[in-house]
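Analysis of the macromolecular model
What follows is the residue order along each chain.
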Amino acid sequence: MTSNPLNPSSGDDEPKDPLAELLQNLMGGRGMGDIDPAELAKAAGLPDDPNLLAQMFSQVQAMMSAPSEGPVNWQLAHENARRVAASGSDPSVTAAQSRQVDEALRLAELWLDQVTELPSTGLIGRAWSRAEWVEETLGTWKRLTEPVANSIANALSSAMTEQMPEEMKTMMGGASSMLQNMGGAIFGMQLGQAIGALSAEVVSSTDIGVPLADLEMALLPANVAKFGEGLSLPENDIRLFLAVREAAHARLFVQVPWLRGHLLGAIEAYARGIHIDTSKIEELARELDPSNPEGIQEALSQGVFMPQRTPAQEQALEKLETALALVEGWVDELTAAATDKMLPSASALRETVRRRRATGGPAEHAFSSLVGLELRPRRLREAAALWAQLREERGVEGRDAIWQHPDLLPTAEDLDDPKGFSERRKLAEASDTEVDDALQKLLSGGFDTDTPGADGAGEERDGDEERESGGDAGDEPEAGDSGGTPKA
């Protein structure tokens, strides 16, 4: 009888549970045993280099056996993101590329000065490789994904414990932290895979509409060149157009200090409210077949961990999407105004970017499936139309003044009817003024003298005074009297 190395017999022809055997090999101190690292790696979308995989899984074993700072293995996410970013062509940035990016961003700042009241940032333009983008943005990715990542890792650990055979639970004893570490390692590998893949698609530090790197302004030359493939447009035009978009994003987030925290806070609030559908994870644990890594990878890529949205989450998501659309719409409107007379290809590039942002790339879809969060401005065109309408009505200064406070920002209703925004704003401001006036009058005691009782008392006092002086307001003048003049 031939024994399956992933499902060996125990000597009495009774097969062991595949999941139990996998856990035992990973965490039982026997090394990789008979598990083929190349096969297991397919489940996480990792490269198939045997030496590299052996080294990687050795590190994974050590990390899963060591105490973890939290449910998610961020060290593994970091290493996997760097590995995926470097798996393709990721050449170091040359001196010439750095100079080109710096010059493009400087020129972009000058163009923007003509179309916005927000002052220049004074930031130095950077040229990043994909690996550098990972390093510069991973801290923000951790902040954005940690709430939902923790939920997923804990749910995965609980599902593994629930589905584990009783004899395996006894064997594991107090080693439940190992299961949690394994859940964190699985999610960390998947998250690193998604971030590493995104590094091959983004063209700047703010390409997804969120300031992933605080107080930075950067382009990725390799990805800018990839973006221009097939467009049949001058490379310099493409670089300048994308530089204007990056500089506009940077100017907005630097000169509107509350905006970055507002946007990231909205994402964090949305993520904290997410609840994981553990039934899907339990089903995966029941059907897990380590000998079929393609099936595992397919389940993960199809969003087996996809969070289930509640009605409250749908409302939070609508607010988040509106905020993202407002940022992208403002940048789109400014970029068009700044480049319209400077670049002959500006209109074509604007439409290309709009379609790209609306649909998202493969890596962005993978990230969305993993954490249940889409960072695409679905209503970019409506937001751009709203900002254009405000510029016509209020001028550049009035349009940009909307960013003074989050309470002034347009809502989803305003995106539906851009022309009616100013009228609705006037009504709201008038209502606020009435409330303020009434409150001021109340605090100053003005309402005390206007009450019906007070008025009646005043009228009574006036009548008494007249009677005491001998006059009667109700008497008609006697005959012979002239004009009602009292007799001498």
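Criteria and thresholds
Residues numbered from 1 in each chain as written. Predicted model: local features only at pLDDT ≥ 70, side-chain atom pairs only at ≥ 80, totals over all residues. Heavy atoms only, no water. Helix = DSSP H or I, 4+ residues; strand = E, 2+ residues; numbered from the N terminus. Buried < 20%, exposed > 50% of the residue type's maximum accessible area, 1.4 Å probe, protein only. Areas by Shrake-Rupley, 256 points an atom, 1.4 Å probe, with all protein chains shown as cover. Contact = heavy atoms within 4.5 Å. Expected span 1.5 Å × (residues − 1). Axes fitted to C-alpha atoms, helices over the stretch in contact; angles between N-to-C directions. Parallel < 35°, antiparallel > 145°, perpendicular 65-115°, else oblique. Left-handed = near helix turned anticlockwise from the far one by under 90°. Nonpolar A, V, L, I, M, F, W, Y, C, P; charged D, E, K, R; others polar. pLDDT = per-residue confidence, 0-100. Polar contact = N/O pair within 3.5 Å; in protein donor to acceptor, adjacent residues only side chain to side chain. Phe/Tyr/Trp six-rings, centres within 6.5 Å; stacked < 30°, edge-to-face > 60°. Salt bridge = Lys/Arg side-chain N within 4 Å of Asp/Glu carboxyl O.

1. Some words on the overall build of the chain
Looking only at helices and strands, the chain features 20 helices and two strands. Scored against the burial criterion, the 488 residues of the chain give a buried share of 46%. Accessible area for the chain stands at about 24100 Å²; split by element, carbon and sulfur atoms hold 49% of it.

2. Section: the environment of L240
By the secondary structure assignment, L240 is in helix α10 (residues 235-255). Once the C-alpha coordinates of L240 and E103 are considered, the two residues, 137 residues apart in sequence, prove to be 9.1 Å apart. Ignoring any residue separated from it by four or fewer positions in sequence, one finds L240 in contact with A104, L107, W111 and L343.

3. Some points on helix α14 (residues 311-339)
For an α-helix, the turn length of 3.6 residues means that residues three or four places apart are oriented alike. A rise of 1.5 Å per residue sets the reference length of α14, with its 29 residues, at 42 Å; its end C-alpha atoms lie 42 Å apart and thus fit the reference within 8%. Taking burial as the measure, the 29 residues of α14 include 21 buried ones, the bulk of the element.

4. Description of the packing of α14 against helix α17 (residues 380-400)
For the pair α14 and α17, interaxial distance at closest approach is 8 Å and the crossing angle is 65°. Taken together, α14 and α17 sit at an angle that is classed as roughly perpendicular. In this structure, the crossing between α14 and α17 has a hand that is right-handed. Only L380, A383, A384, L386, W387, A388, R391, R399 and D400 of α17 make contact with α14, whose side of the interface consists of A325, L326, E328, G329, W330, D332, E333 and L334. Counted by class, the contact of α14 with α17 contains ten nonpolar, one polar and six charged residues.

5. Looking at the confidence of the model for the chain
Of all residues in the chain, 57% have pLDDT values of 70 or greater, and the mean over the chain is 74. Per-residue pLDDT stays below 50 along residues 470-474; that stretch engages in two contacts with residues further than four places along the chain or on separate chains. Under a pLDDT of 50 for its full length, residues 476-488 has, in the predicted model, three contacts with residues more than four places off or in other chains.

6. Brief notes about unusual backbone geometry
Its identity as a non-glycine residue notwithstanding, L215 has a phi of 55°, on the positive side. Counting through the fold element by element, L215 comes out in the loop between α8 (176-198) and β2 (217-219). Judged by its relative accessible area of 53%, L215 is exposed.

7. Some thoughts on the side chain of D207
Mapped onto the secondary structure, D207 falls in the loop between α8 and β2. For D207, the side chain forms a polar contact with the main-chain nitrogen of V203, separated by 3.1 Å. Residue contacts for D207: discarding those within four places in its chain leaves E201, V202, R356 and R357.

8. Let's talk about the environment of T145
Along the polypeptide, T145 turns up in helix α6 (residues 130-163). The buried category is assigned to T145, whose relative accessible area is 2%. Taking the C-alpha atoms as reference points, T145 and A271, 126 residues apart in sequence, are found 7.2 Å from one another. Only 2.8 Å separates the side chain of T145 from the backbone oxygen of W141, close enough to count as a polar contact.

9. Some details on the packing of helix α5 (residues 95-113) against α10
Between two packed helices, the angle of one axis relative to the other and the distance separating the axes together describe the packing. Where α5 meets α10, the axes come as close as 8 Å, and the angle between the chain directions of the two elements is 65°. In the crossing of α5 with α10, the sense of the turn from one axis to the other is right-handed. Contacts from Q100, V101, A104, L105, L107, A108, E109, W111, L112 and D113 in α5 reach R239, L240, A243, V244, E246, A247, A248 and R251 in α10. Among the residues forming the contact of α5 with α10, the class breakdown is twelve nonpolar, one polar and five charged.

10. A word on the environment of A108
Looking at the element boundaries, A108 is found in helix α5. Residue A108 is classed as buried on the basis of its relative accessible area of 0%. The sequence separation of A108 and L242 amounts to 134 residues, and the corresponding C-alpha distance is 9.1 Å. Here A108 is in contact with A243, V244 and A247, once residues within four sequence places are set aside.

11. Quick notes on the packing of aromatic side chains
Evaluation of the coordinates by the stated rule reveals three aromatic pairs. Ring centres of W330 and W403 lie 6.3 Å apart, and the angle between their planes is 85°; this geometry places the pair in the edge-to-face category. Pair noted here: W330 is in helix α14 and W403 is in the loop between α17 and α18 (412-416), with a separation of 73 residues, a long-range link. As far as the burial class goes, W330 and W403 line up, both buried.

12. Re the pattern of salt bridges
Per the stated rule, a full pass over the model turns up 18 salt bridges. The shortest N-O distance in the salt bridge between R106 and D102 comes to 2.9 Å. Residue R106 and its partner D102 are located together in helix α5, separated by four residues, close to a single helical turn. Its salt-bridge partner being R354, residue D332 comes within 2.9 Å of it at the nearest N-O pair. One end of the pair, D332, is in helix α14; the other, R354, is in helix α15 (residues 346-359), with 22 residues separating them in the sequence. One exposure class covers both D332 and R354, and it is buried. Where salt bridges share partners, they join E109, D113 and R251 into one cluster.

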